[in-house]
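# Remarks on the overall topology
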Protein chains: 2
Amino acid sequence: MSDTAKTAIPPAHTIGVFVSGFGGLTVLRALVARLPDARFAFIGDTARLPYGSKSRRTIARYAAQSAQFLVREQGAEFLVIACNTASALALDAIQEAVPVPVLGVIEPGAEAARAASRTGDVLVIATDATVQSHAYAAACRARGLRALEMACPLLVPLVEEGWTTCGGAEAACATRESSQQAKVTAEVIRIYLAELTAEAAAQGLKPDTLVLGCTHYPLLRPLIERAVPAGMRVIDSAEATAEAAVRLFGPHDSEKDSPKTQFPPTQLRCFATDSVEKFERLGSRFLNQPTGKVELVDLGG
Amino acid sequence: MSDTAKTAIPPAHTIGVFVSGFGGLTVLRALVARLPDARFAFIGDTARLPYGSKSRRTIARYAAQSAQFLVREQGAEFLVIACNTASALALDAIQEAVPVPVLGVIEPGAEAARAASRTGDVLVIATDATVQSHAYAAACRARGLRALEMACPLLVPLVEEGWTTCGGAEAACATRESSQQAKVTAEVIRIYLAELTAEAAAQGLKPDTLVLGCTHYPLLRPLIERAVPAGMRVIDSAEATAEAAVRLFGPHDSEKDSPKTQFPPTQLRCFATDSVEKFERLGSRFLNQPTGKVELVDLGG
């Protein structure tokens, strides 16, 4: 047994994963790959998405309801808040609402940025609410980094519309339409990043790291990596959070290096507050495998 | 007095206007221009937007709550549902929930399409939920028209992001950035319309009319008019609904031809379920004048 074994959870234990919408499935995918023996209860609060445009008070209330569902009704013993907006605005409220350890995505993302950056200056792209919370800036500042944040509200709908077809470096576009669609997405990314890097230069920053501060953005990673200045590191907060979860809840070291991407369907229960069909359809794209049957749940909203 | 006077309402009466988000302000603007002596109570259910991606059951529940607030607490004697999705999916539920006349946007839009089309074939662009309801297709079919509908989920976020700067035929772009942003929006519109017109041709339709089946889309009208085939008429359901409201609730004929775009602020009370600051900021863009103070209201969601 390694010395990390004392924090490992037995295989039968349940990790609750909460997201406001579909993006959090990128975190779930990364978690499942690293913790193949854990049981996952996942809830997407799809009736009330997107959280990115809502106030702190509303987000805290909604997120606490989902957290309580995962702990009280699904027996989750650990929670991962796979949503940047809820992590930024409601982590305290969630921690107060449930008696189990809660891990958000902001701190792991900032920690990965600290490990990656040499200049100490980082850029963060996220939803409007995450940016307005300045949670990444605070988490970066606590690590001696300077962070410049920018909201990119068009990126989530572009991902949900699937205009990312040519994103994979390996894949050529299947059709002329998908090529044109991916070009639009690439141009939107270029406009946002041009604005952000110009602002960074105006502030005298020398950023060498870009944090993807929204769980939808990993699906745009290939397009984003082509758009950033040469040498800039791109940090995926979904991956960073999964790695932090392994450190907190995970198995011993010998298993860490053999991530499995397949897992028995019985180990994963998916819930949504609305549109289970849409969840199954979009969820499969994010999870890179079928979600299985998604169960409808009413949180009283 | 004209013969329409019997349906006119005295100036002090209150028209309730409900929207899920900000788009409905285009309908409010058109209503205020035509009914300058009416009193308006307006509610934006911003805590739970967008409706376009939600299920019929959820939309009906949310919309009924807003309708009851307008009637019971604000004394509205008529309701205008300035939201295509709620009109498409929840008009029956709203009519059951309140004891006053209710006007949606679908029927006026379809009626305007009937008046405009010579071929009898029309195109409709709208949100995903509106399209899936096939409410426009049904309303068109009832008028002897054939309608082909398509969801355009990126257009609402593009409007809300303000990437429409060069839209006005009168306005040159203020900056290079806004020019590039408007080009992205124009390209998104081109891609959607190319797909829609190709599908229409494949079905043997000869459309000569395009219905803007979402209250956000009037802000894209100049860009859309440049993108449609020559000779195609563009129908704005916000305008069509305001005209129908005037016929139902409006003053006598002599006043109809002198719309006023200014009105005393006391005649308009705006409520929102979240983000009143965002409502005031975005609302002003849609309304083309300041919204005044927006009051926060909790509908229990």
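Procedures and definitions
Residues numbered from 1 in each chain as written. Chains lettered and ligands numbered in written order. Predicted model: local features only at pLDDT ≥ 70, side-chain atom pairs only at ≥ 80, totals over all residues. Heavy atoms only, no water. Contact = heavy atoms within 4.5 Å. Buried area = accessible area lost by both parts, 1.4 Å probe. Salt bridge = Lys/Arg side-chain N within 4 Å of Asp/Glu carboxyl O. Helix = DSSP H or I, 4+ residues; strand = E, 2+ residues; numbered from the N terminus. Nonpolar A, V, L, I, M, F, W, Y, C, P; charged D, E, K, R; others polar. Buried < 20%, exposed > 50% of the residue type's maximum accessible area, 1.4 Å probe, protein only. Polar contact = N/O pair within 3.5 Å; in protein donor to acceptor, adjacent residues only side chain to side chain. Axes fitted to C-alpha atoms, helices over the stretch in contact; angles between N-to-C directions. Parallel < 35°, antiparallel > 145°, perpendicular 65-115°, else oblique. Left-handed = near helix turned anticlockwise from the far one by under 90°. Expected span 1.5 Å × (residues − 1). Bend = angle between axes of the 7 residues up to and from the residue. Pairing = 2+ DSSP bridges. Lys, Arg positive; Asp, Glu negative; His and termini not counted. Least-squares fit on C-alpha atoms with pLDDT ≥ 70 in both. Phe/Tyr/Trp six-rings, centres within 6.5 Å; stacked < 30°, edge-to-face > 60°.

### Some points on the interface of chain A and chain B
Between chain A and chain B, the contact holds 31 residues from the first and 31 residues from the second. Of the roughly 2800 Å² buried where chain A meets chain B, counting both sides, 51% is carbon and sulfur surface. If you look at where chain A meets chain B, you find zero salt bridges. Those elements giving two or more residues to the side of chain A that touches chain B turn out to be α2 (56–73), α7 (155–161) and α8 (176–202) of chain A. Looking at the side of chain A that touches chain B residue by residue, the classes come out as 14 nonpolar, seven polar and ten charged.

### Describing the side chain of Thr85 of chain A
Residues and elements named next belong to chain A. Along the chain, the position of Thr85 falls in helix α3 (residues 84–97). Accessibility expressed as a relative area gives 4% for Thr85, which makes it buried. Within the local environment of Thr85, its side chain forms a polar contact with the side chain of Thr127, the two groups lying 3.1 Å apart.

### Comments concerning the packing of α2 of chain A against α3 of chain A
How two helices sit against one another is set out by the angle between their axes and by the gap between those axes. All names here are of chain A. At a closest axis distance of 8 Å, the pairing of α2 and α3 adopts a crossing angle of 55°. It follows that α2 is oblique to α3 by the angle criterion. Considering only the axes of α2 and α3, their crossing is right-handed. Residues Arg56, Ile59, Ala60, Ala63, Ala64, Ala67, Gln68 and Arg72 of α2 form the contact with α3, whose participating residues are Thr85, Ala86, Ala88, Leu89, Ala90, Ala93, Ile94 and Ala97. Of the residues contributing to the contact of α2 with α3, the split by class is twelve nonpolar, two polar and two charged.

### Overview of α3 of chain A
Residue and element names in this part refer to chain A. Helix length check: α3, at 14 residues, gives a terminal C-alpha distance of 18 Å against a target of 20 Å (1.5 Å per residue), a fit within 8%. At Ala90, α3 is deflected by roughly 80°, the largest bend along its length. For α3, a buried count of ten out of 14 residues is recorded, marking the element as mostly surrounded by other parts of the structure. Listed as buried for α3 are Asn84, Thr85, Ala86, Ser87, Ala88, Leu89, Ala90, Leu91, Ile94 and Ala97.

### With respect to the pairing of strand β1 (residues 14–19) of chain B
Residue and element names in this part refer to chain B. Among the six residues in β1, six count as buried, and that is most of the element. In this structure, β1 lies alongside strand β3 (residues 78–81), joined through four bridges in parallel fashion. What sits directly across from Ile15, in β3, is Phe78.

### Quick notes on the side chain of Asp208 of chain A
Residues and elements named next belong to chain A. The topology assignment puts Asp208 in the loop between α8 and β7 (209–213). Buried charged residue Asp208 carries no salt bridge. Nearest counter-charge: Arg118, at 6.0 Å. At a separation of 3.0 Å, a polar atom in the side chain of Asp208 contacts the side chain of Thr209. When residues no more than four places from it in sequence are discounted, the contact partners of Asp208 are Ser117, Arg118, Thr119, Asp121, Gly231, Met232 and Arg233.

### Some details on the relation of the copies chain A and chain B
Taken as rigid bodies, chain A and chain B are interconverted by a rotation of 180° and an axial shift of 0.0 Å, the fit giving an RMSD of 0.0 Å. What we have between these two chains is a two-fold relation. Most of the interface of chain A is mirrored in chain B, where 100% of its interface residues again form contacts.

### Topic: the packing of aromatic side chains
Enumeration over the complete set of coordinates arrives at four aromatic pairs over all chains. The interplanar angle of 80° and the centroid separation of 5.0 Å between the aromatic rings of Phe69 of chain A and Phe271 of chain A together place this pair among those described as edge-to-face. One end of the pair, Phe69 of chain A, is in helix α2; the other, Phe271 of chain A, is in strand β9 (residues 268–272), with 202 residues separating them in the sequence. The pair Phe69 of chain A / Phe271 of chain A is uniform in exposure class, with both members buried. Arranged with centres 5.5 Å apart and planes meeting at 50°, the rings of Tyr192 of chain A and Trp163 of chain B form a pair that is tilted. In this pair, Tyr192 of chain A sits in helix α8 while Trp163 of chain B sits in the loop between α7 (155–161) and α8 (176–202), so the two residues belong to two different chains. Judged by relative accessible area, Tyr192 of chain A falls into the buried class, the value being 3%.

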